[in-house]
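Close look at the chain arrangement
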Amino acid sequence: MMESVFIVAKYVGLLVIFAGLVQYTNYFIQLLLAAFQLAKSGRAAKVDALWRRYSDSAPPIAILVPAYNEEKTIVESLSSLMAIQYPNYEVIIINDGSSDATLEVLKDAFNLVETSRLYSPLAPHQPIKTIYRSQHQKRLVVIDKANGGKADALNAGINVSRAPLFCCVDADSVLEPDALLRTVKPFMEDPERTIAVGGTVRIANGSVIRNGQILKVQLPKKMLPLLQTVEYLRAFLMTRIAWSRLNTVLIISGAFGLFRRDAVLKVGGYSLGTVGEDMELVVKLHRTLIEQKQDYRIRFIPEPVCWTEAPETLSVLRNQRARWQRGTLETFERHGMMALNPRYGLVGVLGFGNVLITDVIGPVVDAIGFILFPILAFTGSLPLDYFLAYIAVTSGFGLAISVGSLALEEAQLRRVPKASDLALLTAICVLENLGYRQLNSLWRVQGWVQYLKRSGSWGVMTRKGFTAS
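To start, this report covers the structure provided alongside it. (Residues numbered from 1 in each chain as written. Predicted model: local features only at pLDDT ≥ 70, side-chain atom pairs only at ≥ 80, totals over all residues. Heavy atoms only, no water.)

1. So, the packing of helix α8 (residues 223-245) against helix α11 (residues 314-335)
Relative to each other, α8 and α11 sit at 25 degrees, their axes nearing to 11 Å. With respect to α11, the element α8 is oriented roughly parallel. Remark: the crossing between α8 and α11 carries left-handed chirality. Together, L224, Q228, E231 and Y232 of α8 and L314, L317, Q320, R321 and W324 of α11 make up the contact between the two elements. Considering only residue class, the contact of α8 with α11 consists of five nonpolar, two polar and two charged. (Axes fitted to C-alpha atoms, helices over the stretch in contact; angles between N-to-C directions. Helix = DSSP H or I, 4+ residues; strand = E, 2+ residues; numbered from the N terminus. Parallel < 35°, antiparallel > 145°, perpendicular 65-115°, else oblique. Left-handed = near helix turned anticlockwise from the far one by under 90°. Contact = heavy atoms within 4.5 Å. Nonpolar A, V, L, I, M, F, W, Y, C, P; charged D, E, K, R; others polar.)

This is the structure we're talking about:
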């Protein structure tokens, strides 16, 4: 009996180690692609040069900000949007049936009055109650509507907007002043084929933000946001730059992305009934345009930066990560036939193949390894060298990828302000392997369970607000 258990454990161990090697080989290839792309693109253009180049010809942009119970951050975020360096834009806040004082805060801060505005309900959404405009901020429009969720709110904003491009921004985010000028660049250079562009999202915790402006960039003072800072660097400076080079970007963060309005309306706008609306929209665009045999581009560029508030408690972070996992699985359910399907080219074989390995199978394999391996090693059912090999794969490769992403950031973008901060982030790259990554895997398994139970809850997302001093 024990011999049979030993044999099964041995082969399960080999399978988990092999799956880990596949995942980290995939990450290493992404790191190389990202390094090549950053080296090729060179330094970002100066903002004054971009203004001279685009000030007379830049297309109008509607900035859409869905807001649900965002009374603590909405004014700060909106102040940053009003200071954007872009010649022609409007800001549309969509109050999605907030149960707090979000609408009242907006009325008081921006002197809102009711207005009428014609629009066509091309994308589905819950009824709009009232549309407001600001008496002293002519760019500002506020929509008050019945609650329907983030995708529903964005669809309302798309319908009410009039610009050929729209930019979706989370209500708890702050854009750098030149973000739109940098993000619109691919649309200016290739207007016929470019349909969507994403930019970098950074952690704002610890930085000084006043009147919607980043006055001082600082690392978070708490451990959880610090760990997320390394995660965000890895996600945006490695994964998305790599996939952008191959035109296989499958997600543009809901916190910050620029889209062509007509292309999104042709696919029906944001799909309702999913918590992963940002990924689902991008995948739907890929699928539709490939099936229609159209030439298109979905890009990611690292220079435009959007700052967002990261969770500071384990419970809020757990809800967020379980929801992200659930959204990925919902998207995979709707479009899973693209995975490894040559009909969809690199998007299906590489992009969706990566989702299958990393996001669908990966969390389960990781959880099995983190839980099963120590038990088997402790009971003697698994040879010690198998256990050590697994630790080497998960920790050694993970550390190399994280440090490599940090090195890319410092070499090309130099957003980490001080050498001491760089040293601290390097230390965090080591620490994240000592419990944090394991917790994330368990939270993603929780997302799997919620997905199987068809849970539609977003979970509680508490906002602390930005630091002003």
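Having seen it, we continue.
2. Observations concerning the packing of α11 against helix α14 (residues 419-452)
Following both chains from N to C, one finds α11 and α14 inclined at 55 degrees, their axes separated by 7 Å at the closest point. Viewed along their axes, α11 and α14 adopt a mutual orientation that is oblique. The hand of the α11/α14 crossing is right-handed. Between α11 and α14, the contacting residues are L314, L317, R318, R321, A322, Q325, R326, L329, E330 and E333 on the first element and Y436, L439, N440, W443, R444, Q446, G447, W448, Q450 and Y451 on the second.

3. Describing the pattern of salt bridges
Applying the stated rule across the entire model yields 18 salt bridges. One salt bridge in this structure joins R117 and E90, with 2.9 Å as the shortest N-O distance. Of this pair, R117 sits in the loop between β3 (112-115) and β4 (128-134) while E90 sits in strand β2 (residues 89-96), and the two are 27 residues apart along the sequence. Comparing R117 with E90, the two get one shared label, buried. For E189, the salt bridge goes to K185, with nearest N and O atoms at 2.9 Å. Of this pair, E189 and K185 both sit in helix α7 (residues 185-189), four residues apart, which is roughly one turn of the helix. Residue E189 is classed as exposed on the basis of its relative accessible area, which comes to 51%. The partly exposed category is assigned to K185, whose relative accessible area is 26%. Among the charged side chains, a network of salt bridges with common partners joins D190, R193, D295 and R297. (Salt bridge = Lys/Arg side-chain N within 4 Å of Asp/Glu carboxyl O. Buried < 20%, exposed > 50% of the residue type's maximum accessible area, 1.4 Å probe, protein only.)

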